[in-house]
Amino acid sequence: MRYEPISKELFIQNRKNFMSQMLPGSLAVFNSNDIYPIGADSTIPFQQDRNIYYLSGVDQEESILVLFPDAPDPKHREILFLTETNPHIAVWEGEKLNKERALETSGIETVYWLKDFTKVFNELMALTGTVYMNTNEHYRAAHATQTREDRFNVWLKENYPAHQVAKSNPILQRLRSIKHPLELEVMQTACNITEKGFRRILEFTKPGKWEYELEAEFMHEFLINKSRGFSYTPIIAGGKNATVLHYIENKEQLKDGDLILIDVGAEYANYTSDMTRTIPVSGKYTDRQKQIYKAVNKVKKLATDMLVPGTIWKDYHVEVGELMTSELLDLNLLDKADVQNENPDWPAYKKYFMHGTSHNIGLDTHDYGLLHEPMKANQVFTVEPGIYLPQENMGIRLEDDVVIQEKGAPKNLMGNIPIEIEEIEDLMNS
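Cut-offs used in this document
- Residues numbered from 1 in each chain as written.
- Predicted model: local features only at pLDDT ≥ 70, side-chain atom pairs only at ≥ 80, totals over all residues.
- Heavy atoms only, no water.
- Helix = DSSP H or I, 4+ residues; strand = E, 2+ residues; numbered from the N terminus.
- Rg over C-alpha atoms; globule rule 2.2 N^0.38 Å.
- Buried < 20%, exposed > 50% of the residue type's maximum accessible area, 1.4 Å probe, protein only.
- Contact = heavy atoms within 4.5 Å.
- Pairing = 2+ DSSP bridges.
- UniProt positions renumbered as here; feature names shortened; annotations may be inferred.
- Polar contact = N/O pair within 3.5 Å; in protein donor to acceptor, adjacent residues only side chain to side chain.
- 1 Å grid on protein atoms, 1.4 Å probe; cavity = no way out; pocket = protein on both sides within 12 Å on 5 of 7 lines; lining within 4 Å.
- Points joined across faces, edges and corners; volume = space filled by probe spheres on them.
- Nonpolar A, V, L, I, M, F, W, Y, C, P; charged D, E, K, R; others polar.
- Axes fitted to C-alpha atoms, helices over the stretch in contact; angles between N-to-C directions.
- Expected span 1.5 Å × (residues − 1).
- Arc of directions from axis to C-beta.
- Parallel < 35°, antiparallel > 145°, perpendicular 65-115°, else oblique.

Points about the overall build of the chain
Per the secondary structure count, the chain includes 13 helices and 18 strands. Over its C-alpha atoms the chain spans a radius of gyration of 24 Å, differing by no more than 12% from the 22 Å that the globule rule assigns to 430 residues. For the C-alpha atoms alone, the extent of the chain along its principal axes is close to 70 × 50 × 40 Å. Of all 430 residues assigned to the chain, the portion counted as buried reaches 54%. Of the contacts formed within the chain by residues at least 6 apart in sequence, a portion of 72% connects residues at least 24 apart.

What about the pairing of strand β8 (residues 164-167)?
The pairing of strand β7 (residues 130-133) with β8 spans 4 bridges and is classified as parallel. Across the sheet, V131 pairs through a bridge with V165, a residue of β8.

Some thoughts on the UniProt feature "domain: Aminopeptidase P N-terminal" (unreviewed entry) in the chain
UniProt records the feature "domain: Aminopeptidase P N-terminal" (unreviewed entry) for residues 6-142 in the present numbering. In residues 6-142, helix accounts for 31% and strand for 20%; the two terminal C-alpha atoms are 29 Å from one another.

A word on the environment of S231
One can find S231 in the loop between β9 (229-230) and β10 (235-238). According to the relative accessible area criterion, S231 is buried, its value standing at 17%. Note: C-alpha distance between S231 and V120 (111 residues apart in sequence) is 37 Å. With near-sequence residues (within four places) excluded, S231 lies in contact with G265, A266, E267, Y271, T272, S273 and T365. Reaching out from S231, the side chain makes a polar contact with the backbone oxygen of A266 at a distance of 3.0 Å. For S231, the side chain forms a polar contact with the main-chain nitrogen of S273, separated by 3.2 Å.

Comments concerning unusual backbone geometry
The phi dihedral of K226 falls on the positive side, at around 70 degrees, and the residue is not glycine. Within the fold, K226 resides in the loop between α9 (211-223) and β9.

Section: the side chain of T110
Its place among the elements puts T110 in strand β6 (residues 110-113). Among the polar contacts made by the side chain of T110, one reaches the main-chain carbonyl oxygen of K75 at a distance of 2.5 Å.

Section: empty space enclosed by the protein
Throughout the structure, instances matching the rule amount to 1 cavity of 30 Å³ or more. A volume near 60 Å³ is recorded for the largest cavity. W313, N360, G369, L370, L371, E373, P374, M375, Q379 and F381 together form the lining of the largest cavity. Of the residues that constitute the lining of the largest cavity, the class distribution is 6 nonpolar, 3 polar and 1 charged.

Considerations on the sheet that holds strand β18 (residues 411-412)
Sheet architecture is open: 3 strands sit in the order β14-β17-β18, paired in antiparallel fashion. Here the strands that pair on one side only, and so sit at the sheet edges, are β14 (380-383) and β18. As defined by bridge partners, strand β17 (residues 400-403) adjoins β18 across 2 bridges and the pair is classed as antiparallel. Counted as the bridge partner of V403 is K411 from β18. Of the strands in this sheet, β14, β17 and β18 touch helix α10 (residues 287-305), which is tilted by about 160 degrees from β14.

Overview of helix α6 (residues 148-159)
Under the 1.5 Å per step criterion, the end-to-end length of α6 is 16 Å for 12 residues, consistent within 8% with the ideal 16 Å. Buried residues of α6: R148, E149, F152, N153 and L156, and no others. Around the axis of α6, the buried residues are gathered within 135 degrees of arc, so they sit on the same side. Residues of α6 that are exposed and point over 90 degrees away from its buried face: K157 and E158. Buried positions along α6 lie against β1 (27-31), α5 (117-125) and β7.

Description of the layout of surface pockets
Taken as a whole, the second largest pocket encloses approximately 640 Å³ of empty space. Forming the boundary of the second largest pocket are 23 residues, of which M1, D59, Q60, L97 and R101 lie nearest the centre. Broken down by element, the residue count for the lining of the second largest pocket peaks at 3 residues, all from helix α4 (residues 99-106). Split by residue class, the lining of the second largest pocket holds 11 nonpolar, 5 polar and 7 charged.

Digging into the packing of helix α1 (residues 8-19) against α4
Angle between the axes and distance between the axes are the two parameters that describe a pair of packed helices. Two elements in contact, α1 and α4, have axes whose closest approach is 6 Å; the angle formed by their N-to-C orientations is 75 degrees. Relative to α4, the element α1 lies roughly perpendicular. Along its contact with α1, which presents K8, F11, I12 and R15, the element α4 presents L103, E104, T105 and S106. By residue class, the composition of the contact of α1 with α4 is 3 nonpolar, 2 polar and 3 charged.

See below:
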């Protein structure tokens, strides 16, 4: 991989944390992702399953991790199964992890080749009555495609029907939501790369450019900084396109007088970043654009300060909605009657600010985290209020990634990325 190696101490600690919450005598299994086909002999570039990566650091297909903390044989308490490399693979694909490099990456001493999995696994399953299955239970998960893990879970139930089944997901939801200092360092790197891309396009943007040209400038900057590219499909939306929340075509020409909403983030070492800025195509905001921009930025700052230990995610969004309502009243976009007569299930402010304010971020852009539990120190959340005015061909959203601190205001991982009107205008016109 092109990114700098992460210390194996992170993965060793992650496994210790996970295994400490397993039932006595139980075993857990984690599979890598598939390489997904496109058609003919083409495939989508491989991306590792985030859970096996979180627990091992192994960033390679056809890998399996088994954790059995109470195994009678100490060497079987942590096991990696990997594809055995050979000269043919080395020539056509590049060498895979060997046992020595797997140890350096993961801190796991016992490594078997994948061809031995069924035999070894059968021996282990004879020693346990409970097996943890890895399932995706994120609140926004989509299940249109059967994953390698899904297929394994079907195989597991068919071949070991007498075993008790437990779920790894509740444990991982808690563990992954609270970041280790090494994870925060990697996320800061991803944010720093995003900053470089944003500063690059501030110099590049002007009337007549195309949305996809800005996308290309970001990708250029991301790649030369050892990123694989975007954390998610980028949104680069000029004018009225910014009022479409998930506009991803990035195909229109930028027009003088319009704003352009840019929602992008660099990936680094499988960790994500998520930034939104809204800048003037011409390099200068109009008075009306400044008015709306300042309202969004005010809500963002106040919402950020509310991200402290103990905050409940659902209550937080209600409070942010009240802040936005106040700003929309000041802007005369809402009146008192709108608020008095609002539907509690869809408050009046939702006409102009339809989405949530914050989500967990980490190995996934919408990362694991139990949202019904109080927020905790070292969780990382986005903060992303917006106001969308289709009738004015304008959408403004601002977004940073912040780390909840034990005491005081959150740490903004994107604090060095320009956001104030004057700084953006100065950089675009320097």
